[in-house]
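Listed here are the chains, written in short residue letters.
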Amino acid sequence: MDSTQTQTQSGAEDGSFVTPDGRTIGAPILEVKDIIVRFGGVTAIDGVSFDVRKGEIRAIIGPNGAGKSSMLNVINGFYKPNEGTINFKGEILPAMEPYLAASNGIARTFQNIALFKGMSTLDNLMTGRMLKMKTGFFSHCIYFGAAQKEELEHRERVEHVIDFLEINDIRRTPVGRLPYGLQKRVELGRALAMEPDILLLDEPMAGMNVEEKEDMSRFVIEVNEEFGTTVLLIEHDMGVVMDLSDRVVVLDYGRKIADGSPDEVRSNQAVIDAYLGVSHD
Amino acid sequence: MFYRETGQFKSTYGDDQALFPIIQDRWLLGAILLVAFFVVPFIINDYWANAILLPFLIYSLIALGLNILVGYCGQISLGTGGFMAVGAYGSYKLMTSFPELNIVFVIIASGGFAAAVGVLFGLPSLRIKGFYLAVATLAAQFFLIWMFNKVGWFYNYELSQITSPPREVFGVLVTGAKASPAAQYLFTLCIVAVFTWIAMNLVRGRVGRGWMAIRDMDIAAELLGIRPLQTKLLAFAVSSFYIGIGGALIFNLWLGSVEATEAFDILQSFFVLFAIIIGGLGSVLGSFLGAAFMALMPVILKLLLVDGFSVSAVHAKHVEFILVGSLIIFFLIKEPHGLARIWGITKEKLRLWPFPY
Amino acid sequence: MDFFQALLITPFVIMWEDPLFLTETLIKGLMAGVLYSLVALGFVLIFKASGVFNFAQGVFALFAALTLTGIMDMMGDGLPKPLVIIIALGLTVAVMVLLAVLVERFVLRPLVNQELIILFMATLGLSYVLEGAGDLMWGSDVKVIDLGLPTDVWDVGGVFVEQLDLVAAITAGSMVAVLAVFFNKTRIGRALRAVADDHQAALSVGISLQQIWVIVWSVAGIVALVAGIMWGSKSGVQFSLSLIALKALPVLILGGFTSIPGAIIGGLIIGVGEKVAEVFWFDLHGGAVENWFAYMLALVFLMFRPQGLFGDKIIERV
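An account of the accompanying structure is given in this report. In this text, all values refer to a predicted model and were calculated from it rather than measured experimentally.

1. Considerations on the nonpolar core
No. 1: Grouped together as the largest cluster of nonpolar side chains are 259 residues, with contacts concentrated most on Y89(B), F264(B), F53(C) and W217(C).
No. 2: Take this core: its biggest share by element is 16 residues, from helix α6 (residues 130–150) of chain B.
No. 3: Setting aside chain neighbours within four positions, we find W217(C) in contact with I46(C), S50(C), V52(C), N54(C), F60(C), A100(C), V103(C), L108(C), T123(C) and L126(C).
No. 4: Membership of the second largest hydrophobic core comes to 28 residues, among which are V48(A), F50(A), I75(A) and I86(A).

If you want it as structure tokens, here you go:
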């Protein structure tokens, strides 16, 4: 499905506009400026700037080692950049803190799956609700009353996510026992349970077969359409990138070499050069 | 063959989240509680109380405490003995300084002291893990035992062995030499039952999930907004609270008099750790099963070897060491989730018995 | 006021007034430290090669010493003393090697992919098994080791030095030298370092993990034997020997888990620190400070420099 193209629709002053398929893409809610990240002698990110608009699906692509995951880590607060700023929801910060990121609506999935292996699917998803659970320790000691009420409320919300992702059958299964594809889906569920403003997906399709990829793509699009969630994803599968994203950022050796719509990027010589010799699926 | 879940469908999330969703489990528990509260006190005697039931109950509570820290939150602690001592000596100081205080309050306050000390010695867990943390808790263990042995204030400058003064609940003596086994048993049972219920509530809700998230992947937990600092310290606090209460119970309700270097040394820390490994890490049932095992095994071995085969008591102790050590290794290899998982698997198998599939 | 005086003033006054006594204490501390180092050495070896923290190392020392004295007792007075010692030593070494094989087969191999904390707890269980087995086989009364080691005391300008301590120091020093040569110059040593670096890579080059582990645990067993002999000669072979293992933990924290020189330096620091604290601060609530001093020192290190003086920096990977 063709989800991008002309940004020449009539726009409001904040730059928001409506895409051909009826989604509203707003002003940038996230902007990273001149980010530099160094580890010892290696410069992982070398002065990268780009923005992400509210409601869009943005892809970060690039050859291996280009610094894509590191970029997500910076946005998440897991890495602190040596230089540069992050502008999120109007606040300009030199670095993000994990707690701040989480409480401000940034959720994330990981390349190598960061689920809580000792817990069930349901419990994993419920941990996504942690920030929204406010009842005190002593309430939980007796459970009946305030704590139980809150638990059941959040259980209902999580069940919506479970229905959405069609993982009802594996609710009680310890996630360590699930096959890889399902684990990735559960991880997405946990991120969705946070009701995030922006969803960071680190290679959500990695290791999946064609059917699983289709399912995952469907979920990402539905999340974006139904809830208006902004999505920033790293992906290697060019087909997926072209189909899903509104705009694409291309990184190579820690630098941004292209930034625009999928078609623009696809025909960009620098991008083609960067990928020459690198096989993609 | 025993009983099944078929036909029991839950129509609300509330029912689904109940502690014992299977009706027969509830009946079984109800029956056990009925017998425990209303039958045993009438038939109990000194031997059964002191050799079997009191140690089982108290060590179950302590094991539950350690399990919260180790099994649910994934931190390691070898300082259990030290925290037990805090509970015991704390209760002693309270009772001798304020003789009017109700014993229930004393015991809970002793747990509070232990919780505070636990948080203090748990601070290193924010920077270190694994056996580095184990060493830090060892520091707690050795320092605390030394302190209760040498610093006279804790035993009112008399002998470092402290004796529990008599106290009553509802007019019935529960501590001191004249207290009846039934009274001591019932009192202990009430405390253990209440705090077990509280623990079960904690682990099934937000608090327990936070602990388990830290255990499984603390980095991911942080990115979900869970605070590692607060969560770990809370685990240390709750865990030490339970262990402290256990220590106070050991002193007041079971042994009657203790000396820090004998009753609460490093061997106690190992004892409780072994109980939760064998019983099952991260399981309330496991804490009880493991404590039962560790508390009862010396008794059974004694009956078998010493009384049965005329083996000397010293040798029986050696056999106990070999047996416990081997079982630890066995459980770690074959069934890291301990007896609790074995129990669960047995229940599953019994559903289908006698059919193998 | 008394408390602070005892804590901050009196000890230094005593040290200042009696330098000979201070020197003697320092030397005693160094010697004790050497013995700690010997035990810590065994830990480091195993940790370096298999990543396992062998809690049972102290019990290894106890078990080895018990076996030695047991065999010597069994052999009786028939043969000349030196021959008895040599045969007993040989047999004990054989027993320790057998122990290494059994541990590798029944503990390490089944747990090979588990987290380190699981392996640590398994060695905890192992220590109980060996403790019980040793007591059962040889009895739990205190044994005397009579290997003909010198027990006299020298008077060096007013300072008393025990000859036994000197022998222990020399032995420890030689062991370190031998081990250093072994690790760096021999084929097996290189294989051990490869395994410590990267299990998978070592496997792919054809190094047999199992053989390596048996070798390492045997060497650690021999080191434990030496440590057991030294400690046992000093204070008799008894249960408390196994508690030395617990003392080795702070040594390793100070020195770093992966460093052989670290084990030595850490042992010396702990030995000296403990002795000095015990002797000069004994006024502080009646002594026995050495029960916890080492651990508190380790705790301080853990907060500020967890990798110890010489260990590898601990890196957390996402």
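2. Description of the sheet that holds strand β7 (residues 91–93) of chain A
Residues and elements named next belong to chain A.
No. 1: With antiparallel pairing, four strands are arranged side by side in an open sheet as β4-β3-β6-β7. Every interior strand has two partners, whereas the edge strands, β4 (42–53) and β7, have only one. When strand polarity is set aside, the average angle formed by the axes of neighbouring strands in this sheet is 15°.
No. 2: Examined bridge by bridge, strand β6 (residues 83–88) and β7 share three bridges and lie antiparallel to one another. Bridging across to β7, N87 finds its partner in I92.

3. Describing the environment of I145(B)
Residue and element names in this part refer to chain B.
No. 1: As for its placement among the helices and strands, I145 is situated in helix α6.
No. 2: Taking the C-alpha atoms as reference points, I145 and G82, separated by 63 residues in sequence, lie 5.9 Å from one another.
No. 3: Beyond its immediate chain neighbours, meaning those up to four positions away, I145 contacts G81, G82, A85, A260, T261 and F264.

4. Quick word on the packing of helix α5 (residues 146–165) of chain A against helix α6 (residues 180–193) of chain A
Residues and elements named next belong to chain A.
No. 1: Contact geometry for α5 and α6: axes closest at 10 Å, N-to-C directions at 140°. The two elements α5 and α6 meet at a crossing, and its hand is right-handed. For the pair α5 and α6, contact is made by V158, V161, F164 and L165 and by R185, L188, G189, L192 and A193, respectively.
No. 2: Grouping the amino acids of the contact of α5 with α6 by side-chain chemistry returns seven nonpolar, one polar and one charged.

5. Details of a nonpolar patch on the surface
Residue and element names in this part refer to chain B.
No. 1: Taken together, the side chains of L34, V35, F38, V39, F42 and I43 make up a nonpolar region of the molecular surface, amounting to roughly 680 Å² of accessible area.
No. 2: Note that I43 resides in helix α2 (residues 23–43).
No. 3: Take I43: its relative accessible area is 64%, and that puts it in the exposed class.

6. Thoughts on the packing of helix α8 (residues 206–223) of chain B against helix α9 (residues 228–255) of chain B
Helix-helix packing is characterised by the crossing angle of the two axes and by the distance between the axes.
Residues and elements named next belong to chain B.
No. 1: The N-to-C vectors of α8 and α9 enclose an angle of 140°; their axes lie 10 Å apart at closest approach. Relative to α9, the element α8 lies oblique. For the crossing formed where α8 meets α9, the hand is left-handed. Facing V207, G210, W211, I214, D218 and E222 of α8, the residues of α9 in contact are P228, T231, K232, L234, A235 and V238.
No. 2: A per-class count over the contact of α8 with α9 returns seven nonpolar, two polar and three charged.

7. Quick notes on the packing of aromatic side chains
Pairs of aromatic rings are described using the distance from one ring centre to the other and the angle between the two planes.
No. 1: Scanning all chains against the criterion turns up 27 aromatic pairs over all chains.
No. 2: On the numbers, 5.8 Å between centres and 35° between planes, the contact of F143(B) with W146(B) is tilted. One end of the pair is F143(B) and the other is W146(B), both in helix α6 and three residues apart, which spans about a single turn. The same class applies to F143(B) and to W146(B), which are both buried.
No. 3: Between K93(B) and the ring centre of W153(B), over which it is positioned, the NZ or CZ distance is 4.2 Å.
No. 4: Against the face of Y143(A) rests R204(B), its NZ or CZ located 3.5 Å from the ring centre.

The rules behind these values
Residues numbered from 1 in each chain as written. Chains lettered and ligands numbered in written order. Predicted model: local features only at pLDDT ≥ 70, side-chain atom pairs only at ≥ 80, totals over all residues. Heavy atoms only, no water. Core = buried A, V, L, I, M, F, W, Y, C linked by side-chain atoms within 4.5 Å. Buried < 20%, exposed > 50% of the residue type's maximum accessible area, 1.4 Å probe, protein only. Helix = DSSP H or I, 4+ residues; strand = E, 2+ residues; numbered from the N terminus. Contact = heavy atoms within 4.5 Å. Pairing = 2+ DSSP bridges. Axes fitted to C-alpha atoms, helices over the stretch in contact; angles between N-to-C directions. Left-handed = near helix turned anticlockwise from the far one by under 90°. Nonpolar A, V, L, I, M, F, W, Y, C, P; charged D, E, K, R; others polar. Patch = residues over 30% accessible without salt bridge, like charges linked within 9 Å, V, L, I, M, F, W, Y side chains within 5 Å. Areas by Shrake-Rupley, 256 points an atom, 1.4 Å probe, with all protein chains shown as cover. Salt bridge = Lys/Arg side-chain N within 4 Å of Asp/Glu carboxyl O. Parallel < 35°, antiparallel > 145°, perpendicular 65-115°, else oblique. Phe/Tyr/Trp six-rings, centres within 6.5 Å; stacked < 30°, edge-to-face > 60°. Lys NZ or Arg CZ within 6 Å of the ring centre and 35° of its normal.

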